[in-house]
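Given next are the chains, with one letter for each unit.
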Amino acid sequence: MYGFEALTFNIHGGYLEAIVRGHRSGLLTAADYNNLCQCETLDDIKMHLSATEYGPYLQNEPSPLHTTTIVEKCTLKLVDEYKHMLCQATEPLSTFLEYITYGHMIDNVVLIVTGTLHERDVQELLEKCHPLGMFDSIATLAVAQNMHELYRLVLVDTPLAPYFSECITSEDLDDMNIEIMRNTLYKAYLEDFYKFCQKPGGATAEIMSDLLAFEADRRAVNITINSIGTELTRDDRRKLYSNFGLLYPYGHEELAACEDIDQCVCHYLFQAKEICRSPSASPSVIGSYAIPWEMLMSWHS
Amino acid sequence: MGESSSWSRALVQISPYTFASIGIAISIGVSVLGAAWGIYITGSSLIGAAIKAPRITSKNLISVIFCEAVAIYGVIVAIILQTKLESVSDSQLYAPESLRAGYAIFASGIIVGFANLFCGLCVGIIGSSCALSDAQNSTLFVKILVIEIFGSALGLFGVIVGIIMSSQATWPAKTA
């Protein structure tokens, strides 16, 4: 019921809400981006960024700077702010914030397993992992030979354990299997997150439904485009799509049957237009469908 | 006695001292509840917003002061009401005059208490929004303060009506 939340919201959420609003004022503006565009060298970029909120993170870096260093330090700012919020949050906000990291965890797991398959050094891979998705036993992933071991040795103690029930096979890990594992895990994660957001109801359910539906649809299109021309069968492709989102279920049928990019794009746009015309679509979702169309066009050309 | 009992008879037989005392308790207790509620609502937002914008702290304490004023109204009216409590001789205790005085003090207490409760809540919520928007854009402070001033007038209305109500709480004169 809207209207009376202001009476009790500040008990658990007042401080964090104020902090988040403070972070908003630290975002880079169009003027900042213009300045960055004028830069000639990386040192210029460092100088311009030192006037923004990213300054303290870059000031101790010795020149010559590397692009990866800049990206790493700026990501560190996000991670610090996230950790501060996580330790100040109470339930259910703390669980919600932890859900955000599971996606990064899945990406890190796949990164390390793929890297090990291609005989890369574990330390090198660990440095490339996203800091938000780190967990304690992540280095042991390099030892696992197939999915059973992966699960039994490492993942059963992580929050990703419940997402594994659909994808444990006893085959050895290779590139195809790893991609399928990534997408199956991500599907289970999105559905779990969606269910979690429906429970509090109110604004959380409304806003997160839109965002997660967009993410699910975006990944469905991504999977379709990436699997055109590979050995992935239609049924396997169908199994990787999430069970919610605006393309579910009829859009998924169409997408599963696509054989080339043009077809996929036509179906997608048709679906998106139908969805945008339906009275249940909110303005935010209609706006968000415009973006992937641009992305699709850039893949195509 | 042999008379049939009913709720109206039961209510009339409650001592007017009880009603008056409860009125005084409500006047101070519920006002303080409103003030405290408002202060914590404002305070939590103010602390969080002041991390990125430390300049807002001194100006935004005014919201906390407005909430505090609500508790002060409650204390003042409680003190006024308790000076209206007089002893009455036993024979006069349930006379209509006594009952009227008791009810008047009770009503005054409820008026002031609940008016201050909602005033405190209102000022607290506006104060929190004031702090958050001042942190983003300092020209907004004075404008939102105007809203807060209107909100704090609600408590004053309650105090005025409460005092008028209690001024007519005259107990019957002691017969020698």
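Fair warning: this is a prediction, and the values are worked out from it, not measured in the lab.

Student: Looking at this structure, how should I read the overall build of chain B?
Tutor: Counting its secondary structure elements, chain B contains five helices and zero strands. N-terminal to C-terminal, the α/β element order of chain B is α-α-α-α-α. Here chain B has a C-alpha radius of gyration of 21 Å; the compact-globule value for 176 residues is 16 Å, and the former is much larger. C-alpha atoms of chain B, sized along the principal axes, occupy 75 × 30 × 20 Å.

Student: When you look at the UniProt feature "domain: V-ATPase proteolipid subunit C-like" (unreviewed entry) in chain B in this model, what are you seeing that I'm missing?
Tutor: Residue and element names in this part refer to chain B. Residues annotated in UniProt with the feature "domain: V-ATPase proteolipid subunit C-like" (unreviewed entry) correspond here to residues 22-81 and 106-165. Span residues 22-81 is 95% helix and 0% strand, its end C-alpha atoms 11 Å apart. In residues 106-165, the share of helix is 95% and the share of strand is 0%. The end C-alpha atoms are 10 Å apart.

Student: Just to check I follow, could you spell out the nonpolar core for this structure?
Tutor: Within soluble globular proteins, side chains that are nonpolar generally end up buried alongside one another. Counting residues in each nonpolar core, the largest one holds 39 residues, and the members touching the most others are Met181, Tyr189 and Phe193 of chain A. Elements represented by at least two residues in this core include exactly α6 (93-117), α7 (122-128), α8 (147-154), α9 (175-198) and α10 (202-227) of chain A. With sequence-adjacent residues up to four places away left out, phenylalanine 193 of chain A is seen in contact with Phe96, Tyr99, Met208 and Leu212 of chain A. With 13 residues, the next largest nonpolar core counts Val77, Val112, Val159 and Ala169 of chain B among its residues.

Student: Could you clarify how one ought to interpret the pattern of salt bridges in this entry?
Tutor: Two side chains with opposite charge may pair up if their charged atoms get near one another. Here the structure, examined in full by the defined rule, presents nine salt bridges over all chains. Of the charged contacts in the structure, one is a salt bridge between glutamate 61 of chain A and lysine 73 of chain A, with a shortest N-O distance of 3.7 Å. Of the two residues, glutamate 61 of chain A sits in the loop between α4 (55-58) and α5 (67-88) while lysine 73 of chain A sits in helix α5, which places them twelve residues apart along the sequence. When sorted by exposure, glutamate 61 of chain A lands in the same class as lysine 73 of chain A, which is buried. The salt bridge partner of arginine 55 of chain B is aspartate 134 of chain B, with a shortest N-O separation of 3.6 Å. Pair noted here: arginine 55 of chain B is in the loop between α2 (16-52) and α3 (56-84) and aspartate 134 of chain B is in helix α4 (residues 96-136), with a separation of 79 residues, a long-range link. Beyond isolated ion pairs, a larger network of salt bridges with shared partners links Asp107, Glu179 and Arg182 of chain A.

Student: Sorry, what's going on with the UniProt feature "transmembrane region" (unreviewed entry) in chain B here?
Tutor: Under the UniProt annotation, "transmembrane region" (unreviewed entry) lies at residues 20-40, 61-81, 101-128 and 140-165 of chain B. Here residues 101-128 of chain B is 100% helix and 0% strand, with 41 Å between the C-alpha atoms at its ends.

Student: In this structure, what is going on with the interface of chain A and chain B? I would like to understand it.
Tutor: It is common to give the size of an interface as the accessible area that goes away when the parts come together. Listed as interface residues are 17 residues of chain A and, on the opposing side, 15 residues of chain B. Carbon and sulfur atoms make up 60% of the surface buried where chain A meets chain B, a total of about 1,300 Å² over both sides. Contact with chain B buries area across many residues of chain A, yet Leu7, Asn10 and Tyr15 of chain A alone supply 42% of it, more than any other trio. In this assembly, chain A and chain B are joined by one salt bridge.

Student: Looking at this structure, how should I read the environment of serine 227 of chain A?
Tutor: All names here are of chain A. Mapped onto the elements, serine 227 comes out in helix α10. Serine 227 gets classed as buried once you look at its relative accessible area, which sits at 5%. Sequence separation between serine 227 and glutamate 215 is twelve residues, and the spatial gap between their C-alpha atoms is 18 Å. Setting aside residues up to four positions removed in sequence, serine 227 forms contacts with Leu232 and Arg237.

Student: So what exactly am I meant to see when it comes to helix α5 (residues 140-167) of chain B here?
Tutor: Residues that lie three or four places apart on an α-helix share one face, since the helix turns once every 3.6 residues. Over its 28 residues, α5 of chain B runs 42 Å from end to end, which matches the ideal 40 Å to within 8%, given 1.5 Å per residue. Against the buried residues of α5 of chain B lie α3 and α4 of chain B.

Student: For this particular structure, what's the right way to read the packing of α9 of chain A against α10 of chain A?
Tutor: A pair of packed helices is characterised by two quantities: the angle between their axes and the separation of those axes. Residues and elements named next belong to chain A. In contact at an axis separation of 9 Å, α9 and α10 are set at 165 degrees when each is read in the N-to-C sense. By the angle class used here, α9 and α10 are roughly antiparallel. Crossing of α9 against α10: the hand is left-handed. Residues Arg182, Asn183, Tyr186, Leu190, Phe193, Tyr194, Cys197 and Gln198 of α9 form the contact with α10, whose participating residues are Thr204, Ala205, Met208, Ser209, Leu212, Glu215, Ala216, Arg219 and Ile223.

Student: Explanation requested: the packing of aromatic side chains in the structure shown.
Tutor: Two numbers describe a pair of aromatic rings. These are the distance of the centres and the angle of the planes. All names here are of chain A. This model, assessed by the stated rule, comprises 14 aromatic pairs over all chains. Where tyrosine 99 meets tyrosine 102, the ring centres are 5.2 Å apart and the plane angle is 50 degrees; that geometry is what we call tilted. Of the two residues, tyrosine 99 and tyrosine 102 both sit in helix α6, three residues apart, roughly one turn of that helix. In this structure tyrosine 102 comes out as buried when scored by relative accessible area, which is 9%. An aromatic cluster is built from Phe96, Tyr99, Tyr102, Tyr163, Tyr186, Tyr189, Phe193 and Phe196, whose rings are joined through pairwise contacts.

Student: Looking at this structure, how should I read the side chain of lysine 73 of chain A?
Tutor: Given a relative accessible area of 18%, lysine 73 of chain A falls into the buried group. Ignoring sequence-local partners within four residues, the contact set of lysine 73 of chain A consists of Tyr57, Leu58 and Glu61 of chain A.

Student: What's the story with the environment of asparagine 177 of chain A in this structure? I'm lost.
Tutor: Residues and elements named next belong to chain A. Inspection of the secondary structure assignment puts asparagine 177 in helix α9. Asparagine 177 gets classed as buried once you look at its relative accessible area, which sits at 13%. Along the primary structure asparagine 177 and methionine 147 are separated by 30 residues, whereas in three dimensions their C-alpha atoms are 9.4 Å apart. In contact with asparagine 177, other than residues within four places in its own chain, are Met147, Glu171 and Asp172.

Student: Before we go on, may I ask you to explain unusual backbone geometry in this structure?
Tutor: Excluding glycine, residues mostly have negative phi values, and the peptide bonds linking residues are mostly trans. Residues and elements named next belong to chain A. The omega angle of the peptide bond from glutamate 91 to proline 92 is -5 degrees, so this bond is cis rather than trans. Checked against the element boundaries, proline 92 lands in the loop between α5 and α6. One non-glycine residue, glutamate 119, lies in the positive phi region at around 60 degrees. Residue classification places glutamate 119 among the exposed positions, given a relative accessible area of 72%.

About the thresholds
Residues numbered from 1 in each chain as written. Chains lettered and ligands numbered in written order. Predicted model: local features only at pLDDT ≥ 70, side-chain atom pairs only at ≥ 80, totals over all residues. Heavy atoms only, no water. Helix = DSSP H or I, 4+ residues; strand = E, 2+ residues; numbered from the N terminus. Rg over C-alpha atoms; globule rule 2.2 N^0.38 Å. UniProt positions renumbered as here; feature names shortened; annotations may be inferred. Core = buried A, V, L, I, M, F, W, Y, C linked by side-chain atoms within 4.5 Å. Buried < 20%, exposed > 50% of the residue type's maximum accessible area, 1.4 Å probe, protein only. Contact = heavy atoms within 4.5 Å. Salt bridge = Lys/Arg side-chain N within 4 Å of Asp/Glu carboxyl O. Buried area = accessible area lost by both parts, 1.4 Å probe. Expected span 1.5 Å × (residues − 1). Axes fitted to C-alpha atoms, helices over the stretch in contact; angles between N-to-C directions. Parallel < 35°, antiparallel > 145°, perpendicular 65-115°, else oblique. Left-handed = near helix turned anticlockwise from the far one by under 90°. Phe/Tyr/Trp six-rings, centres within 6.5 Å; stacked < 30°, edge-to-face > 60°.

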